[in-house]
Amino acid sequence: MHKMTTAYFTHPDCRAHDMGAGHPECPQRLDAIEDRLLVSGLDIALTRMDPPLAKHSDLMLAHSEGYLLELQEFMQQAAETGEHRALDPDTMVCPATWQAALRAAGAAVAATDTVLDGKAENAFCAIRPPGHHATRSQTMGFCFFNNVAIAARHALDVRGLKRVAIVDFDVHHGNGTEDIIAGDERILMVSFFQDQLYPFSGGVPLGTNMVNLPIPAYTRGGEIRELIEANWMPRLDEFAPEMIFISAGFDAHREDEMGQLGLVEADYEWITRRLVDVAKRHCKGRIVSCLEGGYSLSSLARSVASHVRALADV
Ligand SMILES: [Zn+2]
């Protein structure tokens, strides 16, 4: 039987975004991932694709017009002065940020089209800036555009799907995604995140279409797998999504100092294989996964390799 491939989207523009020396959301994250994919030989299992820049209409699927205008103006000023400017205490812009953010969102949308057009079974986007803290009208936590929310709405509003799922396994709660999609019953969002950690939200879900699992610090992978099995899987199967989007953050890794959860590479591989199973049962394997967090360069790269290995089923 012909085996469809995993598409891999990344772009040098995403590397050029730089929030200053010592910032954990750094360009080297993409270098580490790239190196690991080459060394592991996974590279040859992937179909590399060039993402376009997101269009204004793409961004409008998840953000307000006023926010986009304000952000563009702020970024143009940064480009003109050539300076780093802070939007909030965690989130800085440099002259290359606007292009990087457009490229990241554009990758998520193009990956969605690639999978829906049957050119690949699933896709991984090695992109930055990440997106899941960006709300409808606010930057937050290193995020500008909510790449996954934009892609999910693209699948619904532009491509005509009726139901899609968003899965978020970053160590931080995906508050931005929740802000954008809570109450949109065409989307089911399932997530876990470390309790009492930035952004200190998610304990009470904002809509019935959210399955939020706050998890105490120092919980290890075995327990998290049981929680996923008991809480995500029945809801995902009942919802029967036509496509699955993943906010793939790897900062719940034991070696990542941004959080205190205890996942290892084998846990990321297990989670991904369970999601591939759901996607095969309900939607021809359609998954689009987008990089979110993950700041220990070594564990980030190893975890992405495990995730991509499961997506590519090699
Ligand atoms: Zn995170």
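Right above here is the structure, for reference.
**Focus: the overall build of the chain**
Here's step 1: From N to C terminus, the chain includes 10 helices and 10 strands.
Here's step 2: For the chain, whose C-alpha radius of gyration is 18 Å, the value lies close to the compact-globule estimate of 20 Å for 314 residues.
Here's step 3: Along the first, second and third principal axes, the C-alpha set of the chain runs to 55 × 45 × 40 Å.
Here's step 4: The buried share of the chain, taken over its 314 residues, is 61%.
Here's step 5: Counted over contacts in the chain with a minimum sequence separation of 6, partners at least 24 positions apart contribute 75%.

**Concerning helix α2 (residues 28-40)**
Here's step 1: Compared with an ideal rise of 1.5 Å per residue, which puts 13 residues at 18 Å, α2 spans 18 Å between its outermost C-alpha atoms and is within 8% of the ideal.
Here's step 2: Buried within α2 are the following residues: Arg29, Leu30, Ala32, Ile33 and Leu37. In an axial view of α2, the angular spread of the buried residues amounts to 160°, which keeps them on one side of the axis.
Here's step 3: Of the residues flanking the end of α2, it is Gly41, one or two places downstream, whose phi is positive at about 80°.

**Side note on the coordination of the zinc ion**
Here's step 1: Summarising the metal site, the zinc ion is bound by the protein donors Asp170 (OD), Asp170 (OD), His172 (ND1) and Asp251 (OD), whose distances to it range over 2.0 to 2.8 Å.
Here's step 2: Classification of the site at the zinc ion rests on its four donor atoms, whose angles at the metal span 51 to 152°, yielding the label irregular.
Here's step 3: One chain supplies every donor for the zinc ion, spaced along it as D-x1-H-x78-D.
Here's step 4: Asp170 sits in the buried class, given a relative accessible area of 1%.
Here's step 5: When its relative accessible area of 7% is taken as the criterion, His172 is described as buried.

**A word on the nonpolar core**
Here's step 1: Judged by nonpolar contacts, the single largest core of 96 residues is most densely connected at Phe145, Phe192, Trp232 and Phe245.
Here's step 2: The greatest single-element share of this core, amounting to 12 residues, is contributed by helix α5 (residues 97-116).
Here's step 3: Excluding its chain neighbours within four sequence positions, the residues that come into contact with Trp232 are Val167, Asp168, Phe169, Val190, Ser191, Phe192, Val211, Leu213, Leu227 and Ile271.

**Considering the sheet that holds strand β9 (residues 244-248)**
Here's step 1: Spatially, β2-β1-β5-β10-β9-β6-β7-β8 is the arrangement adopted by the eight strands of the open sheet, whose pairing is parallel. On the outer flanks of this sheet lie β2 (46-49) and β8 (210-215), each paired with one strand and no other. Averaged over all adjacent pairs, the angle separating strand axes in this sheet is 15°, with direction ignored.
Here's step 2: Alignment of strand β1 (residues 6-9) against strand β5 (residues 122-125), held across four bridges, turns out to be parallel. From the neighbouring strand, Tyr8 faces β5, where its bridge partner is Phe124.
Here's step 3: Packed onto the sheet, helix α10 (residues 297-312) meets β1, β2, β5, β9 and β10 (287-291) and runs at close to 165° relative to β5.

**A word on the packing of helix α9 (residues 265-283) against α10**
Here's step 1: The N-to-C vectors of α9 and α10 enclose an angle of 25°; their axes lie 8 Å apart at closest approach. Classified by the angle between their axes, α9 and α10 sit roughly parallel to one another. Taken as a pair, α9 and α10 cross one another with a handedness that is right-handed. Residue-level inspection shows Glu265, Tyr268, Glu269, Thr272, Arg273 and Val276 of α9 in contact with α10, the latter providing Arg302, Ser303, Ser306, His307, Arg309, Ala310 and Leu311.
Here's step 2: Grouping the constituent residues of the contact of α9 with α10 by class yields four nonpolar, four polar and five charged.

**Considering the pairing of strand β3 (residues 85-88)**
Consecutive side chains of a regular strand alternate in pointing toward one face of the sheet and then the other.
Here's step 1: Summarising the sheet, β3 and strand β4 (residues 91-93) pair through three bridges and their orientation is antiparallel. Counted as the bridge partner of Arg85 is Val93 from β4.
Here's step 2: Counting the residues that bridge the hairpin from β3 to β4 gives two residues.

Procedures and definitions
Residues numbered from 1 in each chain as written. Predicted model: local features only at pLDDT ≥ 70, side-chain atom pairs only at ≥ 80, totals over all residues. Heavy atoms only, no water. Helix = DSSP H or I, 4+ residues; strand = E, 2+ residues; numbered from the N terminus. Rg over C-alpha atoms; globule rule 2.2 N^0.38 Å. Buried < 20%, exposed > 50% of the residue type's maximum accessible area, 1.4 Å probe, protein only. Contact = heavy atoms within 4.5 Å. Expected span 1.5 Å × (residues − 1). Arc of directions from axis to C-beta. Donors = N, O, S within 2.8 Å, 3.2 Å for Na, K, Ca; no water. Tetrahedral: all angles 85-135°; square planar, octahedral: opposite > 155°, others 65-115°. Core = buried A, V, L, I, M, F, W, Y, C linked by side-chain atoms within 4.5 Å. Pairing = 2+ DSSP bridges. Axes fitted to C-alpha atoms, helices over the stretch in contact; angles between N-to-C directions. Parallel < 35°, antiparallel > 145°, perpendicular 65-115°, else oblique. Left-handed = near helix turned anticlockwise from the far one by under 90°. Nonpolar A, V, L, I, M, F, W, Y, C, P; charged D, E, K, R; others polar.

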